[in-house]
Amino acid sequence: PRDDQLVLTKDVIIPDISVEDKGEKYQVVVSEMALPAIRISRSYLNMLKSHKDQKEVLRFVKQKLESANWFVDAVEQRKITIQRVMESIIKRQPDYFHSGERSLKPMILKDIADDISMDISTISRVTNGKYVQLPWEIKELKTFFSEGIQTESGEEVSNTKVKNRLKEMIESEDKTNPIGDEELTEKLNVEGYKIARRTVTKYR
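Here's what I pulled together on the structure shown here. (Residues numbered from 1 in each chain as written. Predicted model: local features only at pLDDT ≥ 70, side-chain atom pairs only at ≥ 80, totals over all residues. Heavy atoms only, no water.)

Examining the pairing of strand β4 (residues 26–30)
The condition that has to hold: With a 1.4 Å probe rolled over the protein chains alone, any residue whose accessible area is under 20% of its type maximum counts as buried; one over 50% counts as exposed, and the rest are partly exposed. Counting from the N terminus, the helices are the DSSP runs of H or I reaching at least four residues and the strands are the DSSP runs of E reaching at least two. For two strands to be treated as a pair, DSSP must find at least two bridges joining them.
Burial along β4 is one-sided: Y26, V28 and V30 are buried, while Q27 and V29, pointing the other way, are not. In terms of strand pairing, strand β3 (residues 17–21) meets β4 through 5 bridges, oriented antiparallel. When the bridges of β4 are listed, V19 appears paired with V28. The antiparallel pairing of β3 with β4 creates a hairpin that spans 4 residues between the two strands, and G23 there sits at a positive phi of about 90 degrees.

Description of the nonpolar core
One recurring pattern in soluble globular proteins is that nonpolar side chains are buried together. Stated formally: What makes a nonpolar core is a set of buried Ala, Val, Leu, Ile, Met, Phe, Trp, Tyr and Cys residues whose side-chain atoms join them at distances within 4.5 Å. Whether two residues are in contact is decided by their heavy atoms: any pair within 4.5 Å suffices.
In this structure, M86, I89, F97 and F144 are the most contacted members of the largest nonpolar core, which totals 24 residues. Put simply, the parts of the chain that give this core at least two residues each are β3, β4, α2 (55–92), α3 (94–97), α4 (109–116) and α5 (120–127). In terms of residues, this core owes the most to one element, α2, which gives 5 residues. In this view, F144 contacts M86, I89, Q93, Y96, F97, L104, M107, V132, L134 and K139; residues no more than four positions away in its chain are not counted.

Re the packing of α4 against α5
Rule in force here: Helix axes are fitted only over the stretch in contact, all axes being lines through C-alpha atoms; the angle between N-to-C directions runs from 0 to 180 degrees. Convention used here: angles under 35 degrees read as roughly parallel, angles over 145 as roughly antiparallel, angles from 65 to 115 as roughly perpendicular, and any remaining angle as oblique. Put simply, a crossing is left-handed when the front helix is turned counterclockwise from the back one by less than a right angle, and right-handed when it is turned clockwise.
For the pair α4 and α5, interaxial distance at closest approach is 8 Å and the crossing angle is 110 degrees. When the axes of α4 and α5 are compared, the pair comes out roughly perpendicular. In this structure, the crossing between α4 and α5 has a hand that is right-handed. Between α4 and α5, the contacting residues are L109, K110, I112, A113 and I116 on the first element and I120, I123, S124 and T127 on the second.

Considerations on the sheet that holds β4
Across the sheet, which stays open at both edges, the 4 strands sit in the order β4-β3-β5-β6 with mixed pairing between neighbours. Of all strands in the sheet, those bounded by a partner on one side alone are β4 and β6 (138–140). With strand direction ignored, the average angle separating the axes of adjacent strands in the sheet is 25 degrees. As paired strands, strand β5 (residues 131–133) and β6 are joined by 3 bridges and run antiparallel to one another. Pairing of Q133 across the sheet is with I138, part of β6.

Points about α5
Operational definition: Of all possible arcs, the one meant is that of the directions from the helix axis to the C-beta atoms.
By the burial criterion, the buried members of α5 are T122, I123, V126 and T127. Buried residues of α5 fall within an arc of 120 degrees about the axis and therefore sit on the same side. Count one or two residues on from α5 and you reach G129, which has phi positive near 70 degrees.

Side note on the packing of aromatic side chains
Given two aromatic rings, their pairing is described by the distance between the two centres and the angle made by the two planes. Here is the rule we go by: The pairing test for Phe, Tyr and Trp rings, Trp by its six-membered ring, is centres within 6.5 Å, and the orientation test on the planes gives stacked under 30 degrees, edge-to-face over 60, and tilted for anything in between. Two conditions define a charge sitting above a ring: the NZ of Lys or the CZ of Arg must be within 6 Å of the ring centre, and it must be within 35 degrees of the ring normal.
Under the counting rule described, the total for this entry stands at 7 aromatic pairs. Each ring, one from Y26 and one from W136, has its centre 6.3 Å from the other, and the planes form 80 degrees; the classification is edge-to-face. Taken together, the residues span a long stretch of sequence, with Y26 in strand β4 and W136 in the loop between β5 and β6 at a distance of 110 residues. Given the relative accessible area of 15%, Y26 is considered buried. W136 gets classed as partly exposed once you look at its relative accessible area, which sits at 29%. In textbook terms, an aromatic cluster arises when at least three aromatic residues are bridged by ring pairs, as seen for Y26, Y96, F97, W136 and F144. The positively charged end of R102 is found above the aromatic ring belonging to W136, 3.5 Å away from the centroid. Stacked on the ring of F144, the Lys or Arg K139 has its end atom at 5.3 Å from the ring centre.

Spelled out as structure tokens, the structure:
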């Protein structure tokens, strides 16, 4: 497959946007394949000229043109919104984009909504089921968002980090004698994560 595609058995994911590394900064580009440019058919415009004496035809064509213009504007606005959302994510996740650790900070939809002055529902809509092609992987936009968990030092870390650590512990356990949730909780607490057993059970 091409670099901008990820083949998953039967399905092909075409990222809605891509992030290009320009050295000192990242540039967000909206994919024309995912959100193609839409233009109004010239045949409708020609109908306004060729049927200018027929009021019913003109009324019909004008209504269709108004609907088409609204749709074109909506698609263009969606492109602008998803680009602004990705630019805000890059700004708010410096450790992920500017270090090799690719670690995420706690971030919720409201953070992005406040940053670009839009409703949370709008942010939720443009990130739901959307993918971004990064220089190192294809990532679903919603995976950038996570709640925070406190550490003993008072630092707030992404629950994604805790989930990954939990996954490592489970993968390395003795399968004949699996680690219980209580023991996993104790180990995470020793590592400095303030986490309850019910949370470990939920993440597991």
